[in-house]
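Read off the chains here:
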Amino acid sequence: MKTKTVIYTSYLCSEVKYKELYVNSAVKPGIQVQKFNRLLVEGLSLNGINVQCLSSLPMSRIISQKIFIIERNDSVENVKFYYLPILNIPIIKDLLILVLSFFKGLFFACKESSSFMVCDILSMPNSLGCAIAYRLLGKKVLGIVTDLPEDVISTKIFLKLYYLVIQMCTHYVFMTKEMNLKLNKTGKPFKIIEGISDIKRVIEKQEENKFSSAKICLYAGNCNKKNGVDKLIEAILLLKYKNIILHIFGSGDEVGYIEKVAKKEKQIQYHGIQPNDEVLVYQSNSDLLINPRPSEEEFTKYSFPSKNMEYMTSGTPLLTTKLVGMPEEYYEYVYLFDDESVEGMSKKIDEVLSLSEETRKKTGLKAREFILKEKNNVIQTRKMIDLMKD
């Protein structure tokens, strides 16, 4: 392979930097976005690729009141992080990042003549600047598309810019086949990486349930109505006398409703946003992990929920809806909702939790083995490396 260096641009920062900047912030930037990009970067590095991250920190006035933000570059396990300075004023911030990333992109393209640009499409300002620089010099750009732009942004001007980045890419990594059919009309080279797990978790020791004598269910993710969290709560409350508790982690437009119910019902326990390490401990010590995202929603065609991958890695069994973006090869490793009504979900939760602990544990560990062996970040990033080969 000719390309040995990847310039990776996104809102990614090192794990140490993330904890340093956001540990005391009331509002934290998306943990899942950080985790997904970090796993890709680490996977590329473990495959012998020299990775240099050109990043703009995920800052806004909601997260920090500082106007001018400069952070020192750092490196972790042979991955170098270069942080662009930020003028933390809406619109001006994005314009400055776009300009700076363009010139930084030119610098890297000239310095690393055989480098390949990899950009997180949803990190639009820095991805657009770098993509313009690399394409001006006739170099290749691989776009990572985890969600459709219209599912994360509503401003028309910004939406056009997101799609401009997509059009400028010469190669793609998509989460689902349907996403490729929608976005890759000209048939550019692509790979499907529906999700990614952390190879480091292979050596984790699984703990026994230690939180409660009750049966513990857990939901972690966006607490939005479109993800079905309200229906999940109703389904659990129908099992009022079954000694079942639902732990919920995350934020979203249903938080007010969740907090209101949690005050009245001991079965519902809301934890808000917590460090990912803490959530992983809860996952490993639960009896059942649940993804209630409605399968009939259009957006499910174009995304693979990263939570399903994280859930399966925990070794705790997963009960999920039959999402269009989830390949059928996953079905034998999870429990599936047959009926997505509140009553149907409640019945299925009760049915799965009525299985013997040994049976459920066997299912969870089988899923964990599948994910860690077949979908870890070393295996999955080899697909990206294949795209970069001459």
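Keep in mind that what you see is a predicted model, and the values were worked out from it rather than measured.

A. Focus on the overall build of the chain. A tally of regular secondary structure across the chain gives 13 helices and 16 strands. For the chain, the C-alpha radius of gyration of 21 Å lies close to 21 Å, the compact-globule estimate for 390 residues. For the chain, the C-alpha atoms occupy an extent of roughly 65 × 45 × 40 Å along the three principal directions. Each of the 390 residues in the chain was classed as buried or not, and the buried ones make up 55%. For the chain, restricting intrachain contacts to residue pairs at least 6 apart in sequence, the fraction spanning at least 24 positions comes to 74%. Carbon together with sulfur atoms contributes 55% to the accessible area of the chain, which is approximately 17,800 Å² in total. Considering the chain, the positive charge centre built from 54 side chains and the negative charge centre built from 46 side chains are found 5 Å apart.

B. Main features of the state of the cysteines. A full pass over the atoms with the stated rule returns zero disulfides. Take Cys130: it sits in no disulfide, and the sulfur closest to it among the cysteines is that of Cys119, at 7.8 Å.

C. Examining the side chain of Gln380 more closely. Structurally, the position occupied by Gln380 is in helix 13 (residues 377-388). A distance of 2.8 Å separates a polar side-chain atom of Gln380 from the backbone oxygen of Gly195. Within the structure, Gln380 has its side chain in polar contact with the side chain of Lys383 (distance 3.0 Å). When residues no more than four places from it in sequence are discounted, the contact partners of Gln380 are Ile193, Glu194, Gly195, Ile196, Glu374 and Lys375.

D. Inspection of the nonpolar core at higher detail. Counting residues in hydrophobic clusters, the biggest one holds 65 residues, and the most contacted among them are Tyr8, Leu44, Ile144 and Met384. Not counting chain neighbours up to four residues away, the residues in contact with Ile144 comprise Tyr8, Phe36, Leu40, Val118, Cys119, Asp120, Ile121, Val173 and Met384. Residues Ile236, Leu246, Ile290 and Ala367 belong to the second largest nonpolar core, which totals 46 residues.

E. Representation of a nonpolar patch on the surface in the model. Where nonpolar side chains cluster on the molecular surface, the patch consists of Ile67, Phe68, Ile70, Ile89 and Ile92 and spans about 440 Å² of accessible area. One can find Phe68 in strand 3 (residues 68-69). We classify Phe68 as exposed; its relative accessible area is 51%.

F. Quick look at the sheet that holds strand 13 (residues 268-270). Here six strands make up an open sheet; going across it, the order is 13-12-11-14-15-16 and the pairing parallel. Here the strands that pair on one side only, and so sit at the sheet edges, are strand 13 and strand 16 (335-336). Across three bridges, the pairing between strand 14 (residues 288-291) and strand 15 (residues 318-320) is parallel. Note that in strand 15 the partner of Leu289 across the bridge is Leu318. The strands touched by helix 11 (residues 342-353) are strand 11 (215-220), strand 12 (244-249), strand 14, strand 15 and strand 16; relative to strand 14, the strand with the most contacts, the crossing angle is about 155°.

G. Just the packing of helix 9 (residues 276-284) against helix 10 (residues 306-313), in detail. Put simply, helix 9 and helix 10 touch, their axes get as near as 9 Å, and they point 60° apart. Considered as vectors, helix 9 and helix 10 are oriented oblique to each other. Helix 10 is crossed by helix 9, and the crossing has right-handed handedness. The segment helix 9 lies against helix 10, with Asn276, Leu280 and Gln283 engaging Lys307, Glu310 and Tyr311. A class-by-class count of the residues in the contact of helix 9 with helix 10 yields two nonpolar, two polar and two charged.

H. Spotlight on unusual backbone geometry. Positive phi, normally seen in glycine, also occurs at Glu77, with a value near 50°. Along the polypeptide, Glu77 turns up in the loop between strand 4 (74-76) and strand 5 (79-83). Note on Glu77: relative accessible area 55%, which makes it exposed. Positive phi, normally seen in glycine, also occurs at Asn243, with a value near 55°. Structurally, the position occupied by Asn243 is in the loop between helix 7 (229-237) and strand 12. Look at Asn243 and you get partly exposed, because its relative accessible area is 46%.

Criteria and thresholds
- Residues numbered from 1 in each chain as written.
- Predicted model: local features only at pLDDT ≥ 70, side-chain atom pairs only at ≥ 80, totals over all residues.
- Heavy atoms only, no water.
- Helix = DSSP H or I, 4+ residues; strand = E, 2+ residues; numbered from the N terminus.
- Rg over C-alpha atoms; globule rule 2.2 N^0.38 Å.
- Buried < 20%, exposed > 50% of the residue type's maximum accessible area, 1.4 Å probe, protein only.
- Contact = heavy atoms within 4.5 Å.
- Areas by Shrake-Rupley, 256 points an atom, 1.4 Å probe, with all protein chains shown as cover.
- Lys, Arg positive; Asp, Glu negative; His and termini not counted.
- Charge placed at Lys NZ, Arg CZ, Asp CG, Glu CD.
- Disulfide = S-S within 2.5 Å.
- Polar contact = N/O pair within 3.5 Å; in protein donor to acceptor, adjacent residues only side chain to side chain.
- Core = buried A, V, L, I, M, F, W, Y, C linked by side-chain atoms within 4.5 Å.
- Patch = residues over 30% accessible without salt bridge, like charges linked within 9 Å, V, L, I, M, F, W, Y side chains within 5 Å.
- Salt bridge = Lys/Arg side-chain N within 4 Å of Asp/Glu carboxyl O.
- Pairing = 2+ DSSP bridges.
- Axes fitted to C-alpha atoms, helices over the stretch in contact; angles between N-to-C directions.
- Parallel < 35°, antiparallel > 145°, perpendicular 65-115°, else oblique.
- Left-handed = near helix turned anticlockwise from the far one by under 90°.
- Nonpolar A, V, L, I, M, F, W, Y, C, P; charged D, E, K, R; others polar.

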